[in-house]
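A closer look at the structure
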Amino acid sequence: MTTENILTTAEITAIQEIYRHFPEKSAACIEGLKVIQQHHRWVSDQAVKELAEILDMSPAAIDSVATYYNLIFRRPVGRNVVLMCNSVSCWIMGYDQIAARVKKQLAIGYGETTADDRYTLLTIQCLGTCDHAPAMIINEDLHRDLTAESIGPILEHYQ
Ligand code: FES
């Protein structure tokens, strides 16, 4: 049984163009993974295989790069990905209360996606904004100085 390719011609062209600009394979790899994720939200095993063929790398090498970057998702995610910082400054500044509020509002735990596919909730290591802890990222947006009261309006903003 053959598996259908999932990368579109536009994606393949974009990745090949990146490869021309980043002859270093590992750099081209991470940019290629980002292209795939922009189109599919996450990077499946089949997508890894196709990217490996374009970059003339092994799927295992692609997978290890993808695993290293925690903003590359190797499992399906919802339309909005909420990444809660769970490192030390955020703990000190009230992570527990913020995390509890987020989980309650979304009615999911870490690693889960809401039934309507609207949110996936994950953790992430220090976001480098410790002086404004607690912090989280939703999609590409950094939210800092979080309070229990600010969580509701922030989450509602993401459809
Ligand atoms: S510990 Fe959360 S931003 Fe640094």
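Everything numeric in this text was worked out from a predicted model, so none of it was measured.

Turning next to the nonpolar core. If you look at the biggest cluster of nonpolar residues, it comprises 27 residues, and the most contacted ones within it are Val82, Met84, Val102, Met136 and Leu155. Counting residues per element, the ones that place at least two in this core are β1 (80–85), α6 (95–106), β3 (119–124), β4 (136–138) and α7 (148–156). Not counting residues within four places of it along the chain, the set of residues in contact with methionine 84 comprises Tyr95, Ile98, Ala99, Val102, Tyr110, Leu121, Leu122, Thr123, Ile124, Ala135 and Met136. The next biggest cluster of nonpolar side chains, apart from the first, holds 20 residues, and it includes Ile15, Val35, Ile36 and Ile62.

With that settled, consider unusual backbone geometry. For the bond running from alanine 133 to proline 134, omega is -5°, close enough to zero to count as cis. Counting through the fold element by element, proline 134 comes out in the loop between β3 and β4. The phi torsion at aspartate 56 lies on the positive side, around 55°, for a residue other than glycine. Mapping aspartate 56 onto the fold places it in the loop between α3 (45–55) and α4 (59–68). By relative accessible area, which is 62% here, aspartate 56 ends up exposed.

With that settled, consider the packing of α6 against α7. Contact pair α6 / α7: the axes reach a minimum separation of 9 Å and the direction vectors enclose 40°. Judged by the inter-axis angle, α6 sits oblique to α7. Judged by the twist between their axes, the crossing of α6 over α7 is right-handed. Contacts from Gln97, Ile98, Arg101, Val102, Gln105 and Leu106 of α6 reach α7 at Ala148, Ile151, Gly152, Leu155 and Glu156. By residue class, the composition of the contact of α6 with α7 is 6 nonpolar, 3 polar and 2 charged.

So, on to the pairing of β3. The side chains of a regular strand alternate, first on one face of the sheet and then on the other. The sheet contact formed by β1 and β3 spans 6 bridges and is parallel. Across the sheet, cysteine 85 pairs through a bridge with isoleucine 124, a residue of β3. Alignment of strand β2 (residues 112–113) against β3, held across 2 bridges, turns out to be antiparallel. Counted as the bridge partner of threonine 113 is threonine 120 from β3. What sits between the antiparallel neighbours β2 and β3 is a turn of 5 residues, in which aspartate 117 has the positive phi angle 70°.

What counts and how
Residues numbered from 1 in each chain as written. Predicted model: local features only at pLDDT ≥ 70, side-chain atom pairs only at ≥ 80, totals over all residues. Heavy atoms only, no water. Core = buried A, V, L, I, M, F, W, Y, C linked by side-chain atoms within 4.5 Å. Buried < 20%, exposed > 50% of the residue type's maximum accessible area, 1.4 Å probe, protein only. Helix = DSSP H or I, 4+ residues; strand = E, 2+ residues; numbered from the N terminus. Contact = heavy atoms within 4.5 Å. Axes fitted to C-alpha atoms, helices over the stretch in contact; angles between N-to-C directions. Parallel < 35°, antiparallel > 145°, perpendicular 65-115°, else oblique. Left-handed = near helix turned anticlockwise from the far one by under 90°. Nonpolar A, V, L, I, M, F, W, Y, C, P; charged D, E, K, R; others polar. Pairing = 2+ DSSP bridges.

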